[in-house]
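Analysis of the macromolecular model
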Amino acid sequence: AQRVTQPEKLLSVFKGAPVELKCNYSYSGSPELFWYVQYSRQRLQLLLRHISRESIKGFTADLNKGETSFHLKKPFAQEEDSAMYYCALGDSASKIIFGSGTRLSIRP
Amino acid sequence: GAVVSQHPSWVICKSGTSVKIECRSLDFQATTMFWYRQFPKQSLMLMATSNEGSKATYEQGVEKDKFLINHASLTLSTLTVTSAHPEDSSFYICSARASTGFNQPQHFGDGTRLSIL
C-alpha cells in the first residue's frame, strides 16, 4: 500500500541550527516525491520535488530508495522557516498522497 | 502565475442543507482538479480526482452521492456537499494541475472551512 510517514508532529530548533524533517514512504513502483509547505494563514505550496534536484529557500531533499526516505534538510534554520511541512508521494495515477505533516518551529 | 481560487472561504449552514464550493484556476487551464479534506491537526486526505468533461474518480470510502463533483470547464470544478450534517464539518481544499501529464505540479486553493450546525 502507498503510504507516507512523517514521524515527527513537531520539530523545534534554534535559529541557525540545522534542520532535518524526516519522511519515509512505501510504494511498489517508481515514486515521485514532493515537499509542500504551508506558512501561517497561507495556502499549501510546493517547496521542492525530487526530480528537480534543486534547492529552494536553502532546503534540499535527496531520495534514498534503499531506505525509502526523502528527508528535508537545511543547514541553518531561519525564523521565517517556521511552518507546516508535508511530505507527499505521487503515484502512477498522478494522485498525490500526503504525510501527516510536521510543524517546524524556529526559536530566536 | 498558476493561481487557484476557492469560494467561499468559510461557510456556516444548518444541518440538511446542500453546500457548493467552487474551485477556479485563474490563469491557466486545469484538465485535472483534486479535492481534499483536512480535519483539524491532520493531513490532507484525497477525496476525488476530477478530469474536465468526465466523471470524477472517488477514493475508497468517499460517498459519491454525498460529495458531488462537477468539472464542466477547464477552469472550474465544483464540490457539492449534499444534505450536509455536522460530521461533514471540515476544511476542504482543491488543487489544480495544468495537464494530465505528471510533470505539472498541483497548485492549491486557500481552502473552504465548512461548519454545519
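Attention in this report is confined to the structure presented alongside it. Note that the structure is a prediction, hence the values are computed from the model and not measured.

Moving on to the overall build of chain B. Each helix and strand in chain B was counted, giving zero helices and eleven strands. When the helices and strands of chain B are placed in sequence order, the string is β-β-β-β-β-β-β-β-β-β-β. Compactness check: chain B gives a C-alpha radius of gyration of 13 Å against a globular reference of 13 Å for 117 residues, within 12% of the reference. With the principal axes as the frame, chain B shows a C-alpha extent of 40 × 25 × 25 Å. Burial status across chain B gives 50% buried among its 117 residues. Considering only intrachain contacts with a sequence separation of at least 6, the fraction spanning at least 24 residues in chain B is 55%. For chain B, the accessible surface area stands at approximately 5800 Å², while carbon and sulfur atoms represent 52% of it.

Under the counting rule described, the total for this entry stands at two disulfides over all chains. Between the sulfur atoms of Cys23(A) and its disulfide mate Cys87(A) the distance is 2.0 Å. The S-S bond linking Cys23(A) to Cys87(A) shows a torsion near -65 degrees; that makes this disulfide left-handed. Taken together, the residues span a long stretch of sequence, with Cys23(A) in the loop between β3 (19-21) and β4 (24-26) and Cys87(A) in strand β9 (residues 83-90) at a distance of 64 residues. Pair check on accessibility: Cys23(A) and Cys87(A) agree, each one buried. Here Cys23(B) is linked by a disulfide to Cys94(B), with a sulfur-sulfur distance of 2.0 Å. Looking along the S-S bond of the Cys23(B)-Cys94(B) disulfide, the torsion reads about 80 degrees, which is the right-handed sense. Of this pair, Cys23(B) sits in strand β3 (residues 19-25) while Cys94(B) sits in strand β9 (residues 90-97), and the two are 71 residues apart along the sequence.

Taken together, the 21 residues of chain B in the interface contact 17 residues of chain A. In total, chain B and chain A occlude about 1500 Å² of area from one another, counting both sides; carbon and sulfur atoms represent 52% of this. Remark: the boundary between chain B and chain A carries one salt bridge. One salt bridge connects Asp110(B) with Arg43(A), and the closest N-O pair in it is separated by 3.0 Å. Within the side of chain B that touches chain A, the residues separate by chemical class into nine nonpolar, nine polar and three charged.

The final tally for this structure, using the stated rule, is nine aromatic pairs over all chains. On the basis of an interplanar angle of 80 degrees and a centroid distance of 5.5 Å, the ring pair of Phe98(A) and Tyr36(B) is categorised as edge-to-face. Residue Phe98(A) is found in strand β10 (residues 96-98), and its partner Tyr36(B) is found in strand β4 (residues 32-38); the two belong to separate chains. Overall, the relative accessible area of 0% leaves Tyr36(B) in the buried class.

What follows covers the pattern of salt bridges. All names here are of chain A. The full count for this structure, using the stated rule, is seven salt bridges over all chains. Between Lys22 and Glu20 there is a salt bridge, and its shortest N-O distance comes to 3.2 Å. Classification of Lys22 as partly exposed rests on a relative accessible area of 31%. Note on Glu20: relative accessible area 28%, which makes it partly exposed.

Definitions and cut-offs
- Residues numbered from 1 in each chain as written.
- Chains lettered and ligands numbered in written order.
- Predicted model: local features only at pLDDT ≥ 70, side-chain atom pairs only at ≥ 80, totals over all residues.
- Heavy atoms only, no water.
- Helix = DSSP H or I, 4+ residues; strand = E, 2+ residues; numbered from the N terminus.
- Rg over C-alpha atoms; globule rule 2.2 N^0.38 Å.
- Buried < 20%, exposed > 50% of the residue type's maximum accessible area, 1.4 Å probe, protein only.
- Contact = heavy atoms within 4.5 Å.
- Areas by Shrake-Rupley, 256 points an atom, 1.4 Å probe, with all protein chains shown as cover.
- Disulfide = S-S within 2.5 Å.
- Buried area = accessible area lost by both parts, 1.4 Å probe.
- Salt bridge = Lys/Arg side-chain N within 4 Å of Asp/Glu carboxyl O.
- Nonpolar A, V, L, I, M, F, W, Y, C, P; charged D, E, K, R; others polar.
- Phe/Tyr/Trp six-rings, centres within 6.5 Å; stacked < 30°, edge-to-face > 60°.

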